[in-house]
Amino acid sequence: MDNKSNQQENQLIIGRNAVLEALKSDRTIDTLLVAKGEHGGSVGRIIAACRDKDAVIKEVDKRKLDFLCGGGNHQGVAAYAASHEYAELEDIFSLAKEKGEDPFIIICDELEDPHNLGAIIRTAECAGAHGIIIPKRRSVSLTWAVSKASAGALEYMPVVRVTNLAATLDELKERGVWIYSADMDGKPYFQTDFSGAVGLVIGSEGNGVGKLIREKSDFIVSLPLKGKINSLNASVAAGILMYEVARQRQCKG
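The rules behind each value
Numbers given for residues are sequential positions, taken from 1 along each chain in its written order. The predicted nature of this model means local features are confined to residues of pLDDT at least 70 and side-chain atom pairs, given and counted, to a pLDDT of 80 or more, with totals for whole chains, interfaces and linings taken over all residues. Note: side-chain values were computed over all heavy atoms of the structure, leaving out hydrogens and water. Remark: exposure states derive from per-residue accessible area (1.4 Å probe, protein chains only) relative to the maximum for the residue type, with buried under 20%, exposed over 50%, and partly exposed in between. Think of it this way: any DSSP run of H or I at least four residues long counts as a helix, any run of E at least two long counts as a strand, and we number them from the N terminus. The reported arc concerns the directions from the helix axis to the C-beta atoms and nothing else. We call two residues contacting when some pair of their heavy atoms lies within 4.5 Å. Two joining distances apply to patches: 9 Å for like charges and 5 Å for nonpolar side chains (Val, Leu, Ile, Met, Phe, Trp, Tyr), and every residue must have over 30% relative accessible area and no salt bridge. Method for areas: the Shrake-Rupley scheme with a 1.4 Å probe, in which residue coverage is limited to the protein chains shown. Any carboxyl oxygen of Asp or Glu that lies within 4 Å of a side-chain nitrogen of Lys or Arg is treated as forming a salt bridge with it. In a helix, the anticipated span is given by 1.5 Å times the number of residues less one. Any N or O atom pair separated by 3.5 Å or less is treated as a polar contact, with the protein-specific requirement of one donor-capable and one acceptor-capable atom, and with residues adjacent in sequence counted only for side-chain atom pairs.

(A) Helix H5 (residues 89-99), seen in detail. For H5, every residue scored as buried is listed here: Leu89, Ile92, Phe93, Leu95 and Ala96. Considered in projection along H5, the buried side chains sweep an arc of 155 degrees and stay on one side of the axis. Among the exposed residues of H5, those pointing more than 90 degrees away from its buried face are Lys97 and Glu98. Looking at the buried positions of H5, the neighbouring elements they touch are strand E5 (104-108), strand E6 (131-135), strand E7 (159-162), helix H8 (165-174) and strand E8 (177-188). Downstream of H5 by a residue or two, Gly100 has a phi angle that is positive, lying close to 70 degrees.

(B) Representation of a nonpolar patch on the surface. A cluster of nonpolar residues, Leu225, Leu232, Val236 and Ile240, forms a patch on the protein surface that exposes about 290 Å² of accessible area. Tracing the backbone through its elements, the reader meets Leu232 in the loop between strand E10 (219-222) and helix H10 (234-252). Using a relative accessible area of 39% as the deciding quantity, one classes Leu232 as partly exposed.

(C) Layout of helix H3 (residues 41-52). In this model, H3 (12 residues) spans 17 Å end to end at C-alpha, consistent with the 16 Å of a helix rising 1.5 Å per residue. Among the residues of H3, Ser42, Val43, Ile46, Ile47 and Cys50 are the ones counted as buried. Here the buried residues of H3 occupy an arc of 145 degrees about the axis, which is enough to place them on one side. Those residues of H3 that are exposed and aimed more than 90 degrees away from the buried face are Gly41, Arg45, Arg51 and Asp52. Where the residues of H3 are buried, they touch helix H2 (16-24), strand E2 (29-35), strand E3 (56-60) and strand E4 (77-81). Taken from the residues just after H3, Asp54 is the one with a positive phi, measuring 65 degrees.

(D) The arrangement of the side chain of His130 in detail. Considering the arrangement of structural elements, one finds His130 in the loop between helix H6 (114-127) and E6. Within the local environment of His130, its side chain forms a polar contact with the side chain of Glu101, the two groups lying 2.7 Å apart.

(E) How the structure looks around the pattern of salt bridges. Applying the stated criterion across every chain, the model contains 12 salt bridges. Of the charged contacts in the structure, one is a salt bridge between Arg63 and Asp61, with a shortest N-O distance of 3.2 Å. On the basis of relative accessibility, which here comes to 32%, the residue Asp61 falls in the partly exposed class. Note that Glu110 and Arg138 form a salt bridge whose closest N and O atoms lie 3.2 Å from each other. Residue Glu110 is located in the loop between E5 and H6, and its partner Arg138 is located in the loop between E6 and helix H7 (144-149); the two are separated by 28 residues in the primary sequence. A relative accessible area of 58% means that Arg138 is categorised as exposed.

Just distances and angles here, no functional claims.
Structure (C-alpha cells):
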C-alpha cells in the first residue's frame, strides 16, 4: 500500500490549517502527531485544543512524520481522525434498558489489531451485545480499517473510549455488572454461568489480559485448546464467548 492510500485509510489530516479546521468542525481527533521541537505558535494552540478534546498527543521524529504524510507539507503537525463518533458509557446502559435486557458489554484490553477490533464489533452486534469499551492509550482506535472490518456494525454498536480501564471496571461493578476475563488457567467457558449483567474482557493479541484487569475481574474463563498452539485469535475467542453468553440468555429467556 502506498503512502497516499495509507493516509486515506487512516484518515490522516496533514498540516496546521487542516488540523485546526477539523478541530473547529468538531471532528473527533484520535491522535495528534507533532514533530519533535514543534510547540510554538499555532502548534501550541492545536496541542491545547486536542488536549481539551481528550485526544492522544504523540511527539514523533520529523522523518517519521515525513514518511507518514507521504511527502506532504505537514508543517510539523498531522492528526488521525476517528471514522466514527465515540459513545458515552451511559449510552450502553440506555441501550440495554431500551431492550429490556441486562447489560452485555465487551471490554477490549489494549487490543492493537484493527481487524480484530472490527471483527469483535461485528460479532458483538450480531450476538446482541450493547456496547464495546476500549482504552484511550495502547489500543487501536476507530480507524478506517476498524470501520471496514466491522462491515457496517459500527453504525449500530456504541464504542466507548475511556482514560482508565481499571477505574471503568470498578464503575461497572458498582452498577451491577459481573466482569469475566478471558485468559488461560480459568474455568472452562461452557461451565461458566453468564447470567445477569456481563462485562466480557478480551485481552491484547500479545499479552492477553493485563494483571490489574485480571485482579479486578470477578471470574476468569478459558477456552480449552486441543491443538499444538497455545492461543486463539482474539476476535475468534471473543466470538465463541459472546455466543455462549447469547446462548445462555436465550435458554433462560
